[in-house]
Amino acid sequence: MNLEHFIYNIDNIGVLLLNKDKKVIFQNKIAKQYTYYLAPILNSIINERNFFCLSDYPAEISTFTYEENIVVFIHPRDDFVRLSKEKETLEELRSELNEIINSSFDGIVISDERGTIIHQNPAYEKITGLSSKELIGRSLKELEDEKIIDESSTLKALKYNKEITIIQKINTGASVLISAVPIRDKNDNIKKVVNNVRDLSELNMLETEIKSLKKKNQAIHEELELLKHQKYPELSIIAHSEKMQEVLNRALRVAHIDSSVIVQGPSGVGKEKIVELIHKNSIRNKKPLIKVNCGAIPEALLESELFGYVSGAFTGASQKGKAGLFEAANEGTILLDEIGEMNKDLQVKLLRVIQEREITRVGDTRTIPIDVRIIAATHRNLAEMVEQGTFRNDLYYRLNVIPIHIPPLKDRKEDIIPLVYHFLKDIKEKYAIKRKFSEDVLETFRKYDWPGNVRELQNLVERVAVMSTEMEVKMKDVQKELQLNISPNKLVIPLDDTQSLKDQIELYEAEVIKKMVVQFPSIRKAATALNVDQSTLVRKMKKYGIEKN
């Protein structure tokens, strides 16, 4: 038996061996029981004390040097003092652990191996509404039987001898995600079960909010990307839909050549914006863009406005004469808006201007050469007008070199929400009014057909934003301004003269409710849109057998 083995098995005195740096390189069984006294022992040794007694500790210490190492003998004085110190240390540790558990944001419940609750932290009561007075000391089986909880994760963990995670429903109305983790002894037997509890309602709310923010951020990101790639962001053309992007691409391609263009589309789709885009990207962009609304100028005056007149050309004419809009647009672009409203006599003269590249003022015989790009725009079907004989076919073919058709807003619904954000941004800059629309309002906007197209949407956004008193505009604010004119899905209920008035009214009411609960993400929002209490809507849904999927 070597010396080290002999010293290690001494059972009545502790032995420590320290190197010259005062680091422990050996300790026997007795010395290991005094590890938590090591700091004051080392402190005394550093102060070159060879024999000392620490009054607060249950041992006497003696030291001597051996081959550059320091040998320390620990002579136990009183096991009771040592045990008291160990108990005190354990009590401090237990207190610290309790503080950690009680300060946790998550709920924590601890039960014993029989499924009896022995501890719960304050967060658990806050999440579930169940106090420690109600639960500590009670069996989880009793709580299941009394329907306080629908099922216990602890009992499942004890039954299956493993970690269990479940969604637990509590009679207070709370719904929680709870994970039960068994704590085992050295023989692998379960002695305790620790449950970690999280409030699902708050997590669901945060998840919904995150989804909403992601959706809004995506819309803003797409709008910024589009504007960034446009040469002239001030034109404010929002094109997220594939159809509208095709229109923009076509307009940008035709901008670089000098061909005549007809821009067609319903009123309010933004034909003028496309014309501006073409002009700004053309070789004529340094010269003027003159806009003429052929439908807004009386027929008797339109010719003189377009081609000008000389002194005495007609009663009331200026003595100096006047240059026409074609002359004003020389070397630039002229937009003949609502070209379909031009009478056939003037169509003949316009055809000559296109062919000869010259104009003649009213009352004059002299011609004036011009260099103008002509872009026509109309909401009417010129091809049909040609067939009907109300529009000259030779003029139509001269103008219709490159047609651009802008689809109505109902056919490019992907543009609706980005347009709303764009208009809100303009309103903020123009009026210093910051507004946002709730999700149900945006969804209603997206589903509406917008017969007035972009112009109608812009006017509505401005009207509702200006008249609303809250930062978030809700469905009731929109309904108030529109007086329920917006109906995302028009209902058509066939009349049946075999049914009573009451039965037909109930049939209509059921159809309305079906449409609204499908349209909105929650029953609460559908009830808000219908301007009824949520409980009333739920009652009527039960009456008509309508379920929210």
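I will try to describe carefully the structure that is included in this document.

Rules used throughout
Residues numbered from 1 in each chain as written. Predicted model: local features only at pLDDT ≥ 70, side-chain atom pairs only at ≥ 80, totals over all residues. Heavy atoms only, no water. Helix = DSSP H or I, 4+ residues; strand = E, 2+ residues; numbered from the N terminus. Buried < 20%, exposed > 50% of the residue type's maximum accessible area, 1.4 Å probe, protein only. Polar contact = N/O pair within 3.5 Å; in protein donor to acceptor, adjacent residues only side chain to side chain. Axes fitted to C-alpha atoms, helices over the stretch in contact; angles between N-to-C directions. Parallel < 35°, antiparallel > 145°, perpendicular 65-115°, else oblique. Left-handed = near helix turned anticlockwise from the far one by under 90°. Contact = heavy atoms within 4.5 Å. Nonpolar A, V, L, I, M, F, W, Y, C, P; charged D, E, K, R; others polar. Pairing = 2+ DSSP bridges.

**Some remarks on the side chain of Thr-444**
Secondary-structure assignment places Thr-444 in helix H18 (residues 439-447). Residue classification places Thr-444 among the buried positions, given a relative accessible area of 1%. A polar contact of 2.8 Å, which involves the side chain of Thr-444, links it to the backbone oxygen of Asp-440.

**Focus: the packing of helix H17 (residues 416-431) against H18**
At a minimum axis separation of 9 Å, H17 and H18 run at an interaxial angle of 120 degrees. Relative to H18, H17 is oriented oblique. The chirality of how H17 crosses H18 is right-handed. Contact residues: Ile-416, Ile-417, Val-420 and Tyr-421 in H17; Leu-442, Phe-445 and Arg-446 in H18. Residues belonging to the contact of H17 with H18 are distributed by class as follows: 6 nonpolar, no polar and 1 charged.

**A short note on the side chain of Asn-453**
Relative to the helices and strands, Asn-453 is located in helix H19 (residues 453-467). Side-chain polar atoms of Asn-453 contact the backbone oxygen of Ser-267, separated by 2.9 Å. With near-sequence residues (within four places) excluded, Asn-453 lies in contact with Pro-266, Ser-267, Gly-268, Val-269, Pro-408 and Leu-409.

**Here we look at the sheet that holds strand S19 (residues 402-405)**
With respect to topology, 5 strands assemble into an open sheet ordered S12-S15-S18-S11-S19, the strand pairing being parallel. At either margin of the open sheet sits one strand with a lone partner, and together these are strand S12 (289-293) and S19. Along the sheet, successive strands turn relative to each other by an average axial angle of 20 degrees, direction set aside.

**Quick word on the pairing of strand S6 (residues 107-112)**
Burial analysis of S6 places 6 of its 6 residues in the buried class, which makes it a mostly covered element. Side-chain alternation along S6 places Gly-107, Val-109 and Ser-111 on one buried face and Ile-108, Ile-110 and Asp-112 on a second face that is also buried. In this sheet, strand S10 (residues 190-199) lies alongside S6 in antiparallel orientation, the contact comprising 6 bridges. Bridge pairing in S10 places Gly-107 opposite Val-197. Examined bridge by bridge, S6 and strand S7 (residues 117-120) share 3 bridges and lie antiparallel to one another. Counterpart to Ile-110 in the pairing with S7 is His-119. The turn joining S6 and S7, which pair antiparallel and follow one another in sequence, is formed by 4 residues; a positive phi near 85 degrees is taken by Gly-115.

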